[in-house]
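Observations on chain architecture
Given next are the chains, with one letter for each unit.
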Amino acid sequence: MTTTETRTTPRPTPRGRPTFAVGTRRHLDADEIAATGLRDRWYPILPSHMVEAGAMVPVRRLEVDWVLFRDAHGVVHMLEDRCPHRSAPLSVGQHLGDRIACAYHGVQVDGGGTVVSVPGMPGCALEGRRATASLEVVEAADTIFAYIPLTADSVPTPFVLPDRLSDPEVSWFPNFAEWAGPWRFYMDNVLDPMHGAFLHRNSHSMFGGDTSARFRIRETDRGFFFEKTDQCGVNFDWVEFVRGSMDYVDLEIPYGPAAGPGGVFGIVGMSTPIDCSTSAIFHWRTRRVSGWEREAWRFLYRTRLEEKHWEVLEQDRLVLEVLANDADREEHLYQHDLGVSRIRRIYRADAVAQAAALAAANGAGLAT
Ligand code: FES
Ligand SMILES: [Fe+2]
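Just so you know, these numbers come straight off a predicted model, no measurement behind them.

Once that is clear, we can look at the nonpolar core. Side chains of nonpolar character tend, in soluble globular proteins, to be buried together. Counting 83 residues, the largest nonpolar core has Ile45, Leu68, Leu191, Phe241 and Trp284 as the members making the most contacts within it. Looking at which domains feed residues into this core, each of domain 1 (51-138) and domain 2 (163-345) supplies at least three. Contact partners of leucine 191, with chain neighbours within four places excluded, come to Phe224, Phe226, Val239, Phe241, Val249, Gly339, Val340 and Ile343. By size, the runner-up hydrophobic cluster in this structure holds 15 residues, among which are Met56, Val107, Cys124 and Leu126.

Rendered as structure tokens:
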């Protein structure tokens, strides 16, 4: 797969039924898709522990309201948080094990989005209809992931975890935060390793090395590396952008002996849009350790390192949250921003393709 290939595969819809992006009930143009998030891909939604047994947890992702709940077997379901009857939020209803009963008139919707009972009018035509959007969900790496489709006809791609998270020799800790900044600013930030030597220069891990550099893009069959040409293994010197089952970034920061065994500190990062100006940020902090080294790392992380990592993340959050929402509209980029330019081109191309696919499905011509 090339880095600019889109995975949008909408099918024709029946005549008379408009095709909107799932959960939106309106047409989206390329700008709106770019702002609220690209569809037809897997996204991390919430840490697993935030959806407890018996709970109904409302979340907003890609500017759509969803509700998460576990059935009697502990399996997580993710429905649009909107009753198919008259649109009351399901999340304020009643958890009935394998279904939710709407608070307003008692309509019951199961985890697959099918109306299983209309208690006020048994036998009515709504019963048996799959009338609520229900997403494909996978729980892995202590996180709930969902495939957010472009249209109801989108076919989910296979779910595959990033390499580091599926490697039994790698020990990781998940981290979750919500930032008051657009999701694309997160991607820009991680495709910009040079900020490590400035924004994080007083941190425990990014104080070393040169404060000037040259960068290059190195293509891979799953994305690209953006890396310094004259320094490696000293600071935040490279990042890989990966387009797999989901889009993510992978990077390593050198660690000194005081940080215990395990060598470099690996980070997997992802950003899920909440809406056009807020993001859910997911990181997994990793080290390649086994046996006693694994225990030592896990102890050290919990007692000392996690707090230091939060401090670094806060430095990123503070900058990204004070950027104007249109900060990327007028800039003066230089060589260090090749990675930023690249990621923006990729996402713009995807947004245009998805808007065109939606428009074509509606017979409305191409939308850019
Ligand atoms: S709005 Fe949900 S049952 Fe009427
Ligand atoms: Fe940073």
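What follows continues from the structure just given.
Turning to the sheet that holds strand β1 (residues 41-47), a few remarks are in order. Strand pairs in the sheet, formed through backbone hydrogen bonds, run parallel or antiparallel to each other. As summarised here, the arrangement of the three strands in space is β1-β10-β9, forming an open sheet in which the pairing is antiparallel. Every interior strand has two partners, whereas the edge strands, β1 and β9 (136-140), have only one. Taken pair by pair, the neighbouring strands of this sheet meet at an average axis angle of 30°, ignoring direction. Relative to strand β10 (residues 143-148), β1 is paired through six bridges, and the arrangement is antiparallel. Bridging across to β10, proline 47 finds its partner in threonine 143.

Attention now goes to the sheet that holds strand β8 (residues 115-117). If you walk across this open sheet you meet the four strands as β5-β6-β7-β8, and the pairing is antiparallel. Two strands lie at the open edges of the sheet, namely β5 (94-95) and β8, each paired on one side alone. Where strand β7 (residues 108-110) lies against β8, two bridges are found, and the strand directions are antiparallel. Within β8, the residue paired with valine 109 across the bridge is valine 115.

Checked against the element boundaries, glutamine 231 lands in the loop between β13 (223-228) and β14 (238-243). Separated by 87 residues in sequence, glutamine 231 and leucine 318 place their C-alpha atoms 27 Å apart. The contact partners of glutamine 231, leaving out residues within four places of it in the chain, are Gly209, Asp210 and Asp237. A polar contact is formed between the side chain of glutamine 231 and the backbone nitrogen of aspartate 210, at a distance of 2.8 Å.

Calculation notes
Residues numbered from 1 in each chain as written. Chains lettered and ligands numbered in written order. Predicted model: local features only at pLDDT ≥ 70, side-chain atom pairs only at ≥ 80, totals over all residues. Heavy atoms only, no water. Core = buried A, V, L, I, M, F, W, Y, C linked by side-chain atoms within 4.5 Å. Buried < 20%, exposed > 50% of the residue type's maximum accessible area, 1.4 Å probe, protein only. Domains from an automatic or database assignment. Contact = heavy atoms within 4.5 Å. Pairing = 2+ DSSP bridges. Helix = DSSP H or I, 4+ residues; strand = E, 2+ residues; numbered from the N terminus. Axes fitted to C-alpha atoms, helices over the stretch in contact; angles between N-to-C directions. Polar contact = N/O pair within 3.5 Å; in protein donor to acceptor, adjacent residues only side chain to side chain.

In short, shape yes, function no, at least from these values alone.
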